[in-house]
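Here is how the chains run, residue by residue.
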Amino acid sequence: MTTFLGVPLRRHAHAPESPLRGTESFPQAARRELANPQLRANLAHATATIRAKRAAVVGELADWEALRDSGSAIKADVMARLPELLEQFEAAFTARGGTVHWAADADEANRIVTELVRATGADEVIKIKSMATQEIGLNEYLEEQGIAAVETDLAELIVQLGHDKPSHILVPAIHRNRTEIRDIFVSEMTGVVEGLTDDPRELAMAARTHLRRKFLSARVAVSGANFGIADTGTLCVVESEGNGRMCLTLPDTLITVMGIEKLLPTFADLEVFLQLLPRSSTGERMNPYTSLWSGVTPGDGPQDLHVVLLDNGRTNALADEVGRAALHCIRCSACLNVCPVYERTGGHAYGSVYPGPIGAVLTPQLTGMQGHDDPNASLPYASSLCGACYDACPVKINIPELLVELRARSVDDERGGMPGGWDAAMKAASWVMSDPKRFAAAEKGLQLGRIVAGRDRKISTLPPPLSGWTQSRDLPAPPAQTFRAWWRETHPEEQA
Amino acid sequence: MTGSREAVLGRIRAALATAGPVAAQPVPREYDRRGALAPGSPEAIELLVDRLIDYRAEVQVVAPAEVTAAVARALGDAASVVVPRGLPDDVLAACEQDGRQVVGDLSEIPLTAAQLDGIDAVVTGARVAIALSGTIVLDGGPDQGRRAITLVPDLHVIVLRADQVVQTVPEAIALLDPTAPLTMISGPSATSDIELQRVEGVHGPRTLRVVIVG
Ligand code: SF4
């Protein structure tokens with residue numbers, strides 16, 4: 001692996017309020033979020049629920065590991081053949097009456113969407129929840145241009161009405177409980193029924209009433225895409241509530257913003273990903289609605305179809321082994337739901353629209369790390385490296401290994417390339433963690449440390465190069481039980 | 001507005017060159033591409049029924065002679081129903097029972113979304129159903145119609161033939177025409193956004209009733 005820090009940057013210094021960069025480091029933000037017991041309780045409840053559901057439906061499939069192997073290999077193939085597959089997608093989508101646009105960065109994507117909306121004469125668009133449009137700050141940009149962007153996903157609506165930020169890839173309002181949601185609806189939604197309770201059904205129906213009028217009159221919709229199929233020019237949106245179907249079929253114009261890495265080579269590859277995605281993300285055998293379209297169908301659905309292919313740092317990531325692996329991500333959010341760090345800090349602490357384990361890898365790869373003071377340079381440390389995310393990932397992204405590599409690079413960078421003890425330790429850790437057997441062996445080895453530590457449970461002297469560390473502090477003896485062993489014991493429902 | 005096309009493609013090629021050539025790896029396909037259950041077999045149907053009920057759809061399995069009665073039951077007290085052009089006669093007969101208003105969605109004069117919003121129910125066929133995941137796929141065929149008609153009314157009744165039921169996702173994908181507008185439906189619309197608790201019926205039809213003709 002290369003040893004330079006991050007990746008070469010083509011576009012510099014995002015504004016502090018960039019959707020991909022917070023204003024403070026992860027430890028600072030985490031400390032603040034940890035002081036909120038309500039947040040922790042809401043998150044613990046929500047992630048425990050979804051973990052149990054996921055484990056149950058993953059356990060049902062005898063061929064789950066084979067599906068993961070296949071999914072992982074398909075994404076590797078996509079990255080290796082990306083130019084050819086994008087051109088193939090473009091040709092197929094265009095041949096069926098759609099228009100393809102290319103956007104190098106967030107600004108360009110926002111401008112393209114705005115011009116397309118303007119051309120229709122509309123001053124309002126309805127939106128399906130999409131990470132790509134959050135990443136480029138599309139809603140805010142459209143507002144500045146005098147175009148209202150209405151989020152139609154219930155969770156996004158909660159976030160929008162609560163003047164809040166999303167905190168989870170899939171369940172953006174996961175940090176809110178029913179009482180908080182009720183209060184937001186009562187104070188922000190017009191025409192809520194008298195005496196609205198905090199019953200989830202009642203709250204969902206209030207949202208239904210609130211949005212129905214918008215759906216029936218909307219002329220333009222904006223979506224993301226879960227997958228784009230190269231050989232057929234097909235776009236795919238996976239959802240639950242039906243707000244997606246409303247946006248995808250009722251308006252005249254549909255504009256889809258899709259990251260260039262979202263492709264699959266063939267239509268048949270959907271058979272793998274339509275099994276991996278719902279089971280990993282919401283813990284369902286299949287999500288309630290999946291929509292697929294390959295260009296214009298006369299007499300059915302939007303007759304004016306556009307797709308904006310978005311780079312915005314993805315080619316930076318692609319140039320690097322860590323980034324390329326991170327681009328395999330299908331945004332299922334399984335890694336968030338199993339992460340003990342995410343479960344305690346919540347998504348806002350990561351500063352980026354991509355939080356959790358994958359966010360800690362992907363975010364610095366998309367933006368680059370601009371020196372020690374860049375909040376995104378702290379993200380590779382936002383992990384206990386427990387390995388749960390790797391086990392959960394449907395496309396087998398080895399997130400702990402990638403994080404360790406990024407940490408090693410950031411240390412290299414600060415030392416100006418001089419190898420030091422910490423650097424060597426990180427390199428060793430990287431080697432250990434890249435293989436589950438080595439990792440397990442190392443965990444056993446830690447037990448030796450307990451003997452060295454003696455009765456006061458502290459290790460006061462270590463051999464070089466680690467002696468530099470113990471000169472100024474005692475190292476607590478390794479715990480009697482490893483984190484992974486403890487996790488297994490206390491979370492039996494995880495054993496998919 | 002294709003100014004960045006060459007730039008982006010150029011960056012991708014440069015990025016791939018930087019990271020070094022990647023040898024093409026064959027994609028392993030060891031997962032189950034066929035289920036053990038034959039399409040339309042009683043076991044496949046039993047599995048589908050189980051999955052559909054788990055997602056709070058209501059299901060009837062009936063003999064061919066009972067279709068009209070079953071569809072009429074599924075429509076319940078709906079006073080109006082929208083139908084696609086190519087619905088089979090026995091299904092259409094059920095729609096016309098009980099003084100129900102039947103509205104045809106014809107391609108020459110498609111109904112507006114607002115008109116659809118005033119209709120209680122929709123009855124359609126389907127292309128294929130996946131037992132393992134409880135999924136029914138619509139492809140816009142003559143017995144299914146435009147996507148909008150199965151979206152706006154609050155009750156969706158789907159009439160499936162037993163031989164349309166396959167066990168696995170790959171078997172269903174193989175039957176689909178990628179150029180058709182496809183909608184996969186697994187139970188009624190639902191949200192899990194409030195404390196991860198599933199609530200049926202947010203924006204799509206709140207009730208899904210399936211009649212399987214065996
Ligand atoms: S990294 Fe893997 S587990 Fe995490 S969101 Fe992406 S695909 Fe899902």
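Residues numbered from 1 in each chain as written. Chains lettered and ligands numbered in written order. Predicted model: local features only at pLDDT ≥ 70, side-chain atom pairs only at ≥ 80, totals over all residues. Heavy atoms only, no water.

Caption draft 1: A look at the nonpolar core. In terms of nonpolar packing, the biggest core is built from 178 residues, with A:F185, A:L270, A:I358 and B:L160 touching the most fellow members. If you tally residues by element for this core, the top one is helix α10 (residues 200–217) of chain A, at seven residues. With residues up to four places along the chain from it excluded, the contact list for B:L160 reads B:L48, B:A126, B:A129, B:I136, B:V165, B:V210, B:V211, B:I212 and B:V213. (Core = buried A, V, L, I, M, F, W, Y, C linked by side-chain atoms within 4.5 Å. Buried < 20%, exposed > 50% of the residue type's maximum accessible area, 1.4 Å probe, protein only. Helix = DSSP H or I, 4+ residues; strand = E, 2+ residues; numbered from the N terminus. Contact = heavy atoms within 4.5 Å.)

Caption draft 2: Representation of the packing of helix α8 (residues 154–161) of chain A against helix α9 (residues 178–188) of chain A within the structure. All names here are of chain A. With their axes 10 Å apart at the nearest point, α8 and α9 run at an angle of 65° to one another. You can see that α8 and α9 cross each other, and the crossing is left-handed. On α9, the residues that touch L154, I158 and L161 of α8 are I181, I184, F185 and E188. Partitioned by chemical class, the residues of the contact of α8 with α9 number six nonpolar, no polar and one charged. (Axes fitted to C-alpha atoms, helices over the stretch in contact; angles between N-to-C directions. Left-handed = near helix turned anticlockwise from the far one by under 90°. Nonpolar A, V, L, I, M, F, W, Y, C, P; charged D, E, K, R; others polar.)

Caption draft 3: Highlighting the sheet that holds strand β2 (residues 80–83) of chain B. Residues and elements named next belong to chain B. The parallel open sheet is built from six strands, whose spatial order is β1-β12-β7-β4-β2-β3. The open sheet has two edge strands with one neighbour each: β1 (58–62) and β3 (101–104). Taking each pair of neighbouring strands and ignoring which way they run, the sheet shows an average axis angle of 20°. Where strand β4 (residues 121–124) and strand β7 (residues 155–161) come together, four bridges link them in parallel fashion. In the sheet register, V122 faces β7, and the bridge partner there is H156. (Pairing = 2+ DSSP bridges.)

Caption draft 4: Looking closely at the interface of chain B and chain A. Facing the 71 residues of chain B at the interface are 93 residues of chain A. Carbon and sulfur atoms make up 59% of the area that chain B and chain A hide from each other, which totals about 7500 Å². At the boundary of chain B and chain A, one finds 13 salt bridges. The shortest N-O distance in the salt bridge between B:R5 and A:E87 comes to 3.7 Å. For the pair chain B and chain A, the interface holds 37 residue pairs in polar contact (both at pLDDT 80 or more). Listed by contribution, the elements that provide at least two residues to the side of chain B that touches chain A are α1 (5–18), α2 (42–54), α5 (113–117), α6 (169–175), β9 (182–185), β10 (190–191) and β11 (199–200) of chain B. Considering each element in turn, the side of chain B that touches chain A owes the most residues, nine residues, to α1(B). Of the residues contributing to the side of chain B that touches chain A, the split by class is 34 nonpolar, 19 polar and 18 charged. (Buried area = accessible area lost by both parts, 1.4 Å probe. Salt bridge = Lys/Arg side-chain N within 4 Å of Asp/Glu carboxyl O. Polar contact = N/O pair within 3.5 Å; in protein donor to acceptor, adjacent residues only side chain to side chain.)

Caption draft 5: How the structure looks around the pattern of salt bridges. All names here are of chain B. Under the criterion given, the structure shown has 44 salt bridges over all chains. Here R146 ties to D105 by a salt bridge, and the two come within 2.9 Å at their closest N and O atoms. Note that R146 is positioned in the loop between β6 (135–138) and β7 and D105 in the loop between β3 and α5, a separation of 41 residues in sequence. Note on accessibility: R146 and D105 belong to one class, buried.

Caption draft 6: The arrangement of the packing of aromatic side chains in detail. A complete count under the given rule lists four aromatic pairs over all chains for this structure. The interplanar angle of 10° and the centroid separation of 5.7 Å between the aromatic rings of A:F89 and A:F93 together place this pair among those described as stacked. Taken together, the residues span about one helical turn, with A:F89 and A:F93 both in helix α4 (residues 82–95) at a distance of four residues. Residue class for A:F93 comes out buried when judged on its relative accessible area of 0%. Members of the aromatic cluster, joined through ring pairs, are A:F26, A:Y342 and A:Y350. Directly above the aromatic system of A:Y289 lies the positively charged group of A:R245, at a separation of 4.7 Å from the ring centroid. Just above the ring of B:Y55 sits the side chain of B:R198; from NZ or CZ to the centre is 4.5 Å. (Phe/Tyr/Trp six-rings, centres within 6.5 Å; stacked < 30°, edge-to-face > 60°. Lys NZ or Arg CZ within 6 Å of the ring centre and 35° of its normal.)

Caption draft 7: Region of the structure containing the UniProt feature "domain: LUD" (unreviewed entry) in chain B. Those places that UniProt annotates as "domain: LUD" (unreviewed entry) correspond, in this numbering, to residues 114–213 of chain B. In the segment residues 114–213 of chain B, helix accounts for 11% and strand for 35%; the C-alpha atoms at its two ends are 33 Å apart. (UniProt positions renumbered as here; feature names shortened; annotations may be inferred.)

Caption draft 8: Up close: the environment of A:M258. All names here are of chain A. Among the structural elements, M258 can be located in strand β7 (residues 253–259). Note on M258: relative accessible area 1%, which makes it buried. Residues M258 and L270, spaced twelve residues apart in sequence, show a C-alpha to C-alpha distance of 17 Å. Residues within four places of M258 in sequence aside, it is in contact with F89, A225, F227, G228, L235, L263, V307, V308, L309 and L310.

Caption draft 9: Local environment of the side chain of B:S133. Inspection of the secondary structure assignment puts B:S133 in the loop between β5 (128–130) and β6. Reaching out from B:S133, the side chain makes a polar contact with the side chain of B:T135 at a distance of 2.8 Å. For B:S133, the contacting residues outside a window of four places in its chain are A:R285, A:M286, B:R51, B:Y55, B:V169 and B:S186.

Caption draft 10: Inspection of the UniProt feature "domain: LUD" (unreviewed entry) in chain A at higher detail. Cross-referencing UniProt, the feature "domain: LUD" (unreviewed entry) maps to residues 86–310 of chain A in the present numbering. In residues 86–310 of chain A, helix accounts for 41% and strand for 21%; the two terminal C-alpha atoms are 11 Å from one another.

Caption draft 11: Molecular detail of the side chain of A:T249. Mapping A:T249 onto the fold places it in helix α11 (residues 243–249). Classification of A:T249 by relative accessible area gives buried; the value is 9%. A polar contact is formed between the side chain of A:T249 and the backbone oxygen of A:R245, at a distance of 2.6 Å. When near neighbours in sequence (up to four residues on either side) are disregarded, A:T249 contacts A:G301, A:P302, B:R147 and B:L151.

Caption draft 12: Fine view of the pairing of strand β6 (residues 234–239) of chain A. Residue and element names in this part refer to chain A. With six of its six residues buried, β6 lies for the most part within the structure. Burial along β6 is two-sided: T234, C236 and V238 and L235, V237 and E239, pointing in opposite directions, are all buried. In this antiparallel pair of consecutive strands, strand β5 (residues 227–229) and β6, the connection spans four residues, and G233 shows a positive phi of 70°. Examined bridge by bridge, β6 and strand β9 (residues 289–293) share five bridges and lie antiparallel to one another. Each bridged residue has a counterpart across the sheet, and for V238 the counterpart in β9 is T290.

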